[in-house]
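# Structure assessment
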Amino acid sequence: MNRNIWISFLIRLFIVFFLQIFVFNYYEWLGSYLVCLVLYALVILPIPLPWYAGLTLAFLMGLLEDIFTTVQGLHAASFTFIALVRPSLVRLFLKNKQEIDMVLIDSTYLGWNKWGLYVLFVVFMDAFIIFTLQYFSTNIAGYLLRDIVLQTLLNFVFLVAIEALMVSVVKKNS
Amino acid sequence: MRNLWLILWRLKHIFLFLLLEAIALFMLYQNSLFQQTLFYNVFVGVDAKVSSIRKGIVGYFHLKKENELLRKENAYLHSLLKTSYVISYQATFVVNDTLYRQRYAYMPATVIKNTTQYKDNYIIIDKGKAQGVKEGFGVFSPEGVVGIVDHVTENYAVVRSFLHSKFIISAQIKGKPSVGNVTWSGKDFYTGYLHDIPLHIKPADGDTIITSPYSDIFPAGIFVGFIKKMEIDETNSFYRIEFRLAADFSNLSTVYVVTNLLKDEQEEIQQFQIENQ
């Protein structure tokens, strides 16, 4: 069971990284915003994980995104923070708060409404951290709120779209 | 002691979180030469390889636009040739070739990676140490100024884009004597600011901003942008001019790396002047 979950996760991780590196890192939307599709892998990362695994995996995924955007440490910082709060966030959306078996946190598990809300939280946190850290490091004032809102919306739309695509592919195959 | 250890063990994930965050923030804020060298040498090669593969595939779809730009630039360069001019002033003068020393050399390069989303944006080009590119060289596109080389690996160079919070070069309004500094606005990828233009200069909307002769990175006269808006700055002595960047950062492809062949000599004399002050 766990093995299937990990295989499913790794296939999706590979797809989103491939799309990120070869497609999405080259197209700016709504002016100059890059879609961070890699967040999808962080969103669906199975829960529960050993105490060190979630944080370390998130840090490495962020670092990989940093390498391909030539920004040092920005996504790594954001992804690590999200990995810290994510288990509590997922539990917030679960009716049954007892211990859960290892699951992928996708729309099939949470349901579209809850999953959408959960994704909205995650993409907002990511945009908030990414832009706040940049504004601290560069002292360029203003536009922080605009950047956070637009980036959140953009990532949300694409994460929901990729999930819809994955679900339809899985349904077809099963 | 055992209880203390238990408490610490219970908080182990917080410690791991703090450690990873500290590493990430250190990378973000501590831009030391060692760290940049490590980062670029290890990772830029990987990123550049991936981008090159992609560029090889996608590049074909933009050939038409690219050719159009190069044709325009060719036409402009033809117009600068001596053969494009007739001598209207008939006074006798002596042409002495030794009078002219070449100051700038140009090398074409291809942009293989470009970001515009961040507050400190970088561009990767396909020329590096092996082709003679060094840190501090200027980079411009057929349309205008693009950036300054920040770091070079064997076959690639990382260019600090105009869209970087620490990018600043000397520039002037075409046809006006005063020189100021241009920076990126930070708002979007097509707006910049020209600072320190005194109030007695009367610029107009649409005026062209070009690099000034005082820059030791770019030759004079390279397009920087076109004036959009003007306001008087906090000191009440200068204009702060908002302009539209000449280079289209959403679609960079062919660029030129410019070398100031006299830069070392220029810096040497400046250093001499500083030491003797």
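Now for a look at the structure at hand. (Residues numbered from 1 in each chain as written. Chains lettered and ligands numbered in written order. Predicted model: local features only at pLDDT ≥ 70, side-chain atom pairs only at ≥ 80, totals over all residues. Heavy atoms only, no water.)

### Some details on the overall build of chain B
Across its full length, chain B holds 5 helices and 12 strands. Burial statistics for chain B: of 277 residues in total, 44% are counted as buried. Contacts in chain B between residues at least 24 apart in sequence constitute 60% of all its contacts with a sequence separation of at least 6. Accessible area of chain B: about 16,000 Å², with a carbon and sulfur share of 60%. (Helix = DSSP H or I, 4+ residues; strand = E, 2+ residues; numbered from the N terminus. Buried < 20%, exposed > 50% of the residue type's maximum accessible area, 1.4 Å probe, protein only. Contact = heavy atoms within 4.5 Å. Areas by Shrake-Rupley, 256 points an atom, 1.4 Å probe, with all protein chains shown as cover.)

### What to know about the environment of B:V145
Residues and elements named next belong to chain B. Take V145: it is sitting in strand β4 (residues 145-152). Placed 101 residues apart in sequence, V145 and A246 show a C-alpha to C-alpha distance of 7.4 Å. Ignoring anything within four residues of it in the chain, the contact list for V145 reads V139, F140, F162, F167, I169, T211, F218, I222, F223, V224, A247 and F249.

### Some points on the interface of chain B and chain A
Taken together, the contact between chain B and chain A spans 45 residues of the former and 44 residues of the latter. Linking chain B with chain A are 1 salt bridge, by the criterion used here. Here B:K119 ties to A:D147 by a salt bridge, and the two come within 3.4 Å at their closest N and O atoms. Joining chain B to chain A, the criterion identifies 4 residue pairs in polar contact (both at pLDDT 80 or more). (Salt bridge = Lys/Arg side-chain N within 4 Å of Asp/Glu carboxyl O. Polar contact = N/O pair within 3.5 Å; in protein donor to acceptor, adjacent residues only side chain to side chain.)

### Quick notes on the pairing of strand β9 (residues 208-211) of chain B
In regular strands, side chains alternate between the two faces of the sheet. Residues and elements named next belong to chain B. When strand β6 (residues 169-173) meets β9, the two strands line up antiparallel, connected through 3 bridges. Each bridged residue has a counterpart across the sheet, and for A171 the counterpart in β9 is T211. Judged from the 3 bridges that link them, β9 and strand β10 (residues 223-232) form a sheet pairing that is antiparallel. Looking across to β10, one finds that I209 is bridged to G225. (Pairing = 2+ DSSP bridges.)

### Observations concerning the packing of aromatic side chains
Residues and elements named next belong to chain A. Inspection of every chain in the model, using the stated rule, returns 19 aromatic pairs over all chains. On the numbers, 4.9 Å between centres and 35 degrees between planes, the contact of F18 with F22 is tilted. Pair noted here: F18 and F22 are both in helix α1 (residues 2-22), with a separation of 4 residues, about one helical turn. Classification of F22 by relative accessible area gives partly exposed; the value is 23%. Ring centres 5.4 Å apart and planes at 80 degrees place the aromatic pair F24 and F158 in the edge-to-face group. Remark: F158 occurs in helix α7 (residues 144-173) and F24 occurs in the loop between α1 and β1 (28-29); sequence separation between them is 134 residues. With a relative accessible area of 12%, F24 lands in the buried category. We classify F158 as buried; its relative accessible area is 18%. Grouping aromatic residues by their ring pairs yields a cluster made of F14, F18 and F22. (Phe/Tyr/Trp six-rings, centres within 6.5 Å; stacked < 30°, edge-to-face > 60°.)

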